[in-house]
Amino acid sequence: MRIIVNGREIEIRDDARNVLEALREVGIEIPNLCYLSETSVYGACRMCLVEVDGRDIVTSCTLQPREGMVIKTHTPKIYEMRKGILQLLLASHDGECTTCEMNGKCKLQKYAQEFGLTTNRFEKISKKTVTDTSSVIVRDNGKCILCGDCVRACDEIQGIAAIDFAYRGFEAQVVPSFEEKLENTECVLCGQCVAYCPTGALAIRNDVDKVYKAIEDGKYVIGMIAPAVRASLQEEFGLEDDVATSGRVVSLLKMIGFKKVFDVAFAADLVAYEEAHEFLERVEKGEKLPQFTSCCPGWVKFAEQYYPEYISHLSSVKSPQMALGAIIKKFYSREIGVDPKDIVLVSIMPCTAKKFEAEREEFEGNVDIVLTTRELVKVIKSTGIDIKMVDPEPFDRPYGLSSQSGLSFGKTGGVLGSVVNVINDKMSVKSVETKQLSEGVSLTTVELSNGKVVKGLAVFGLGNARKIVDALKNGEMEADVVEVMACNYGCIGGGGQPYPNDVRTRARRAKILKEVQSIDVLISPTENFHMHQLYEKYLEKPLSHASHEVIHTLYKH
Ligand code: HC1
Ligand code: SF4
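Residues numbered from 1 in each chain as written. Chains lettered and ligands numbered in written order. Predicted model: local features only at pLDDT ≥ 70, side-chain atom pairs only at ≥ 80, totals over all residues. Heavy atoms only, no water.

1. Let's talk about the sheet that holds strand β1 (residues 2–5)
Filter applied, for reference: When DSSP locates at least two bridges between a pair of strands, those strands are taken to pair. We count a stretch as a helix when DSSP gives it H or I for four or more residues in a row; a strand needs E for two or more, and each element gets its number in order from the N terminus. To get an axis, a line is fitted to the C-alpha atoms, and for a helix only the part in contact is used. The angle between two axes follows their N-to-C directions and goes from 0 to 180 degrees.
Read from one edge of the open sheet, five strands run β2-β1-β5-β3-β4, paired in mixed fashion. Either end of the sheet is taken by a strand with one partner, and the two such strands are β2 (8–11) and β4 (56–59). Strand after strand, the sheet turns through a mean of 40° between neighbouring axes, direction not considered. Note: strand β3 (residues 49–52) against strand β5 (residues 70–72), two bridges, orientation antiparallel. Its bridge partner lying in β5, V52 is registered against I71.

2. So, the packing of helix α9 (residues 297–306) against helix α15 (residues 462–473)
Using the following cut-off: Here is the rule for angles: anything less than 35 degrees is roughly parallel, anything more than 145 is roughly antiparallel, 65 through 115 is roughly perpendicular, and the remaining ranges are oblique. Crossing handedness: left-handed means the near helix sits turned counterclockwise from the far one by under a right angle, and right-handed means the same turn made clockwise. We call two residues in contact when some of their heavy atoms are within 4.5 Å. Residues were grouped as follows: Ala, Val, Leu, Ile, Met, Phe, Trp, Tyr, Cys and Pro as nonpolar; Asp, Glu, Lys and Arg as charged; and all remaining residues, including Gly, as polar.
In contact at an axis separation of 11 Å, α9 and α15 are set at 45° when each is read in the N-to-C sense. In terms of orientation, α9 lies oblique with respect to α15. For the element pair α9 and α15, the recorded crossing hand is right-handed. Where α9 approaches α15, its residues G298, W299, F302 and Y306 are matched on the opposing element by L462, A465, R466 and V469. Considered class by class, the residues forming the contact of α9 with α15 number six nonpolar, one polar and one charged.

3. Some thoughts on the pairing of strand β8 (residues 163–166)
Pairing geometry for β8 and strand β9 (residues 173–176), over four bridges, is antiparallel. Within β9, the residue paired with D164 across the bridge is V175. Connecting the antiparallel pair β8 and β9 is a turn made up of six residues, with Y167 showing a positive phi of about 65°.

4. Here's the deal with the sheet that holds strand β11 (residues 220–225)
The strands making up a sheet are joined through hydrogen bonds of the backbone, oriented either antiparallel or parallel. Read from one edge of the open sheet, four strands run β12-β11-β14-β15, paired in parallel fashion. Two strands close off the open sheet at either side, each with one partner strand: β12 (260–263) and β15 (369–372). Strand after strand, the sheet turns through a mean of 25° between neighbouring axes, direction not considered. Where strand β14 (residues 343–349) meets β15, four bridges bridge the pair, whose relative direction is parallel. Directly across from I348, in β15, lies its bridge partner L371.

5. Describing the site of ligand 1
Applied cut-off: We call a residue near a molecule or strand as soon as one heavy atom of that residue lies within 4 Å of the molecule or strand. Distance and chemistry together define a polar contact, namely a pair of N or O atoms within 3.5 Å, with one atom able to donate a hydrogen and the other to accept it when in protein, and with adjacent residues in sequence counting only for side-chain atoms on both sides.
Taken together, 16 residues sit near ligand 1, with A226, A228, Q321, K354 and C491 positioned nearest. Take Q321: an N or O atom from its main chain is 2.8 Å from an oxygen atom of ligand 1. In this structure, K354 approaches ligand 1 through a side-chain N or O atom, which is 2.8 Å from an oxygen atom. Mapped onto the shell around ligand 1, the elements with two or more residues apiece are α8 (264–285) and α10 (320–336). Of the residues assigned to the shell around ligand 1, the class counts are twelve nonpolar, three polar and one charged.

6. Observations concerning the packing of α8 against helix α17 (residues 529–539)
Taken N-terminus to C-terminus, the directions of α8 and α17 make an angle of 70°; their axes are 10 Å apart at the nearest point. By the angle class used here, α8 and α17 are roughly perpendicular. Relative to α17, the crossing made by α8 is right-handed. Two secondary-structure elements touch here, α8 through F266, D269, L270, Y273 and E274 and α17 through H530, M531, H532, L534, Y535 and L539. Classifying every residue of the contact of α8 with α17 by side-chain character gives seven nonpolar, two polar and two charged.

7. Some points on the site of ligand 2
What surrounds ligand 2 is the set I137, C154, I160, I163, C187, V188, L189, C190, G191 and C193. A class-by-class count of the residues in the shell around ligand 2 yields nine nonpolar, one polar and no charged.

8. Section: the environment of I385
Basically, it comes down to this: A simple rule labels every residue: compare its accessible area, found with a 1.4 Å probe on the protein chains alone, to the largest value its type can have, and call it buried under 20%, exposed over 50%, or partly exposed in between.
For I385, the position within the fold is in the loop between α12 (373–383) and α13 (404–408). On the basis of relative accessible area, I385 is assigned to the partly exposed category, the value being 29%. For the pair I385 and L252, spaced 133 residues apart in the sequence, the C-alpha separation amounts to 8.2 Å. When near neighbours in sequence (up to four residues on either side) are disregarded, I385 contacts L252, M255, I380 and V390.

Distances and angles like these do not, on their own, reveal function.
So, in structure tokens, the structure goes:
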């Protein structure tokens, strides 16, 4: 379809959702504060105004494009209107930018700069707002512009609706149910509301100071880095295609006092190996099927809340984060002769719910501090060291080796694919076929040589998970093993990843992770010889007593 935009003829997609989306795709970003391409259109902020056919001024997010339409995106009148909207928002905004998590990334701040708002024609009004700094997710409604992005992300993408608008008019605010602490509501701490918040009204608790305190106290500080972190960190340092960023981080963390840095992808190999054996045992016994993955803590809390009948179906293998933590504290401490109490284990994750996971009673003492990718960025930037100039160093042994499968945990389908790879190594497999059923749901069919078929589903987004689990419950769908990741596209879209966390950025992260994987010579978890050494030394074999004691758990809720 062709339309005329600012006097130029432009070709746009025929089935574009609206003018805002159509123009975004051809490089014209119309200012907006409440538009999310993955949720319903809200039309609240009124920033995305355009002039149509020389007459009406309307919101482009609600405007359907049609052939020959004549649009102006930036007239003097629209410029003034947008300025007025921004001034009104700023009049009731706390304006505490220097201490805001979103400083430099905030859309309101960006537009205030771009529209030259050094003064405000409206008087500053202070309103009573809620702040809660006690949770993993920190809320500061003084910065909220009531765009509703968080509300729609939680309701429409995650299918939870743990937060919503309360009160009316000037008193309106976004609050959790019954104004409780988020942890005490149905919130699963996935952080997707934070990822979509355009200002800093929602942020993640910052635990960086705890790391420096541990170093200062002379603790034996060990770092461990999640697979998805190496797909996103580059964005903050102009290193877009760098496959060695995690190696540079290993080196930098050593410079500031970390004694060792291990790879969580090593533990991902171990978890997949163990989970595959657990699955085959369940098939043999004909119990607790389908088996659900349990490495995503947001999904685990979701399953506990809404599907208690399936808790026993969750894999009892701890997540790679908690499994590696337990191994380091239990076995590695002996090897280095350090009391586990003197080890401080710092896990670096793309995920906000991982902070919550580390605080769960089931995993007490396994991991001490969890930093998100964004917190790691702060650590790196605050050193003043140019990460581009740092020579990459390999992860430390014995927990530094991983396969392509272990790395693939960082994006949707990775856990399922790794489990399938282990099954493939153990039994004779005739064919493996994966097909996309819908956005966020794929089906992998494994045909064994004995004629049996294993069906695996990979699901991302908890709204999708609810649909799939309901379908499994009602017998409308069948599966033997199900991977669920709470965030869009899996951990690469985690709530602790750098801003923005949009569709385009996630696609780029998936590509980088693939490139990082491609330089790995090991393909399947079974090939990870350091994992086998761990079995020889301590764990004996998959599902052994020792393995159950250290890297399995029982979800009690
Ligand atoms: Fe994930 Fe996992 S893949 S959950 O997304 O199983 O956070 O990256 O570290 O534990 O390995 C996150 C990522 C991560 C665990 C692994
Ligand atoms: Fe909803 Fe996730 Fe935000 Fe909790 S963290 S309010 S579940 S989007």
